[in-house]
Structures are given as C-alpha cells and as structure tokens.
Amino acid sequence: MRFFSTAAADLQQKLIKLDDATYDLITAEGTRRARFTLNREAATNQDELQLMGLDHPLVQEELERWRNLPPENLGIAVSGEVGGQVLLSLWMVETSGGNGERRVVVQPIAVKQDGARAPAVERLREKYFQAQSAVPTCVPSSCLTCSHAPSSRLCSES
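Below, the structure is looked at part by part. (Residues numbered from 1 in each chain as written. Predicted model: local features only at pLDDT ≥ 70, side-chain atom pairs only at ≥ 80, totals over all residues. Heavy atoms only, no water.)

Let's shift gears to the packing of helix α1 (residues 2-10) against helix α3 (residues 57-67). Axis angle and axis distance: for two packed helices, these are the angle between their axes and the distance between the axes, and together they describe the pair. Taken N-terminus to C-terminus, the directions of α1 and α3 make an angle of 70 degrees; their axes are 10 Å apart at the nearest point. As summarised for this structure, α1 and α3 are arranged roughly perpendicular, according to the angle between their axes. The handedness of the crossing between α1 and α3 comes out as left-handed. From α1, Phe-3, Phe-4, Ala-7 and Asp-10 reach across to α3, where they touch Leu-58, Val-59, Glu-62, Leu-63, Arg-65 and Trp-66. A per-class count over the contact of α1 with α3 returns seven nonpolar, no polar and three charged. (Axes fitted to C-alpha atoms, helices over the stretch in contact; angles between N-to-C directions. Helix = DSSP H or I, 4+ residues; strand = E, 2+ residues; numbered from the N terminus. Parallel < 35°, antiparallel > 145°, perpendicular 65-115°, else oblique. Left-handed = near helix turned anticlockwise from the far one by under 90°. Contact = heavy atoms within 4.5 Å. Nonpolar A, V, L, I, M, F, W, Y, C, P; charged D, E, K, R; others polar.)

Let us look at the packing of aromatic side chains. By the definition in use, this model includes one aromatic pair. On the numbers, 5.8 Å between centres and 80 degrees between planes, the contact of Phe-4 with Phe-36 is edge-to-face. Taken together, the residues span a long stretch of sequence, with Phe-4 in helix α1 and Phe-36 in strand β3 (residues 32-37) at a distance of 32 residues. Like Phe-36, Phe-4 is buried. (Phe/Tyr/Trp six-rings, centres within 6.5 Å; stacked < 30°, edge-to-face > 60°. Buried < 20%, exposed > 50% of the residue type's maximum accessible area, 1.4 Å probe, protein only.)

Relative to the helices and strands, Leu-74 is located in the loop between α3 and β5 (86-96). Aside from chain neighbours lying at most four places away, what touches Leu-74 is Trp-66 and Leu-69.

What follows covers unusual backbone geometry. For Gln-12, which is not glycine, the phi dihedral falls at a positive 60 degrees. The residue Gln-12 is located in the loop between α1 and β1 (14-17) in this model. Taking the relative accessible area as the measure of exposure, Gln-12 reaches 57% and is therefore exposed.

Our focus in this paragraph is the pairing of strand β6 (residues 102-112). Relative to β6, β5 runs antiparallel, the two sharing 11 bridges. If you follow Trp-91 over to β6, its bridge partner there is Gln-107. In this antiparallel pair of consecutive strands, β5 and β6, the connection spans five residues, and Gly-100 shows a positive phi of 85 degrees. (Pairing = 2+ DSSP bridges.)

Honestly, it's all geometry; don't read function into it.
Printed below as a string of structure tokens:
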C-alpha cells in the first residue's frame with residue numbers, strides 16, 4: 001500500500017485508511033474514486049469494495065507510469081551506516097510455472113561501488129526508505145552507469 005499511496009500523492013490524490021483492510025482513494029477534488037480492501041472475502045461479498053493487489057488496474061497503471069520515468073528522475077540519496085556508497089534498487093520479477101501459475105515479487109538488490117552485493121542493506125530496505133535524505137555524492141552519469149550493475153548481479157548471487 002505504501003507504493004500506491006505515494007504514487008497517488010504524486011497525482012494530488014489521497015489514500016485514506018478506513019480500517020485495518022479498507023481504504024478510500026480520494027481525488028484532488030475531494031471525491032471518492034474507489035474503495036479498496038486487502039481482504040479477499042470482503043471484496044467478494046461487497047460490490048462496492050475492490051480487491052487491492054499488484055494486479056489491480058490502478059496499481060498496474062501507476063507501476064507503468066513509474067516504469068516509464070527516465071532513470072535520472074528516480075532515486076534519492078539517504079544517510080546510513082553502510083560504510084560507503086551503496087545503490088539500492090527494487091526489481092519487480094515475474095515468474096511463470098509450467099502449470100500457468102504466475103508469481104510477482106519485488107526483489108531488492110543493493111550493490112556496493114565495487115559491484116559486490118550488500119545483503120544487509122537489502123534486508124533493511126524499509127529503514128533506508130524512511131531515512132534522512134542526503135545530498136547525492138555521485139554525478140547523474142556515474143549513478144546511471146552504476147544502476148546497470150544490479151541486473152548482472154541478480155542471477156550471480158541470489
């Protein structure tokens with residue numbers, strides 16, 4: 001829900017939590033656009049509730065919008081106790097099994113300047129997403145060059 005809430009805020013919309021599993025998406029004009037739940041049974045039993053998940057059309061729309069942003073428009077610099085610079089990226093990985101089963105997971109990949117994985121940073125990703133922002137120490141072109149490293153590291157060390 002954090003991604004969708006942040007994406008909605010970027011469009012001047014609000015995701016309002018009504019209870020443990022129910023949310024309203026409110027437009028910039030203050031009208032309710034949709035009501036969501038995380039509870040499959042509630043969504044099945046109540047027509048006005050939509051089941052929120054990665055496959056929901058509004059989530060897919062936001063994922064597509066963020067995927068299409070240029071890399072230089074994504075990312076932040078934060079302060080942390082990691083002993084040097086580390087690039088932390090999140091990858092949406094889709095797999096499909098022989099029986100038609102489809103699985104989607106978000107895989108964190110953290111890479112040090114020397115290209116080595118930083119699994120401790122991957123495990124603490126939520127901490128870093130909530131950390132104090134900092135001034136970036138790399139120029140955009142070197143950050144972009146470094147951002148291609150995770151794709152080659154994903155298979156070699158997972």
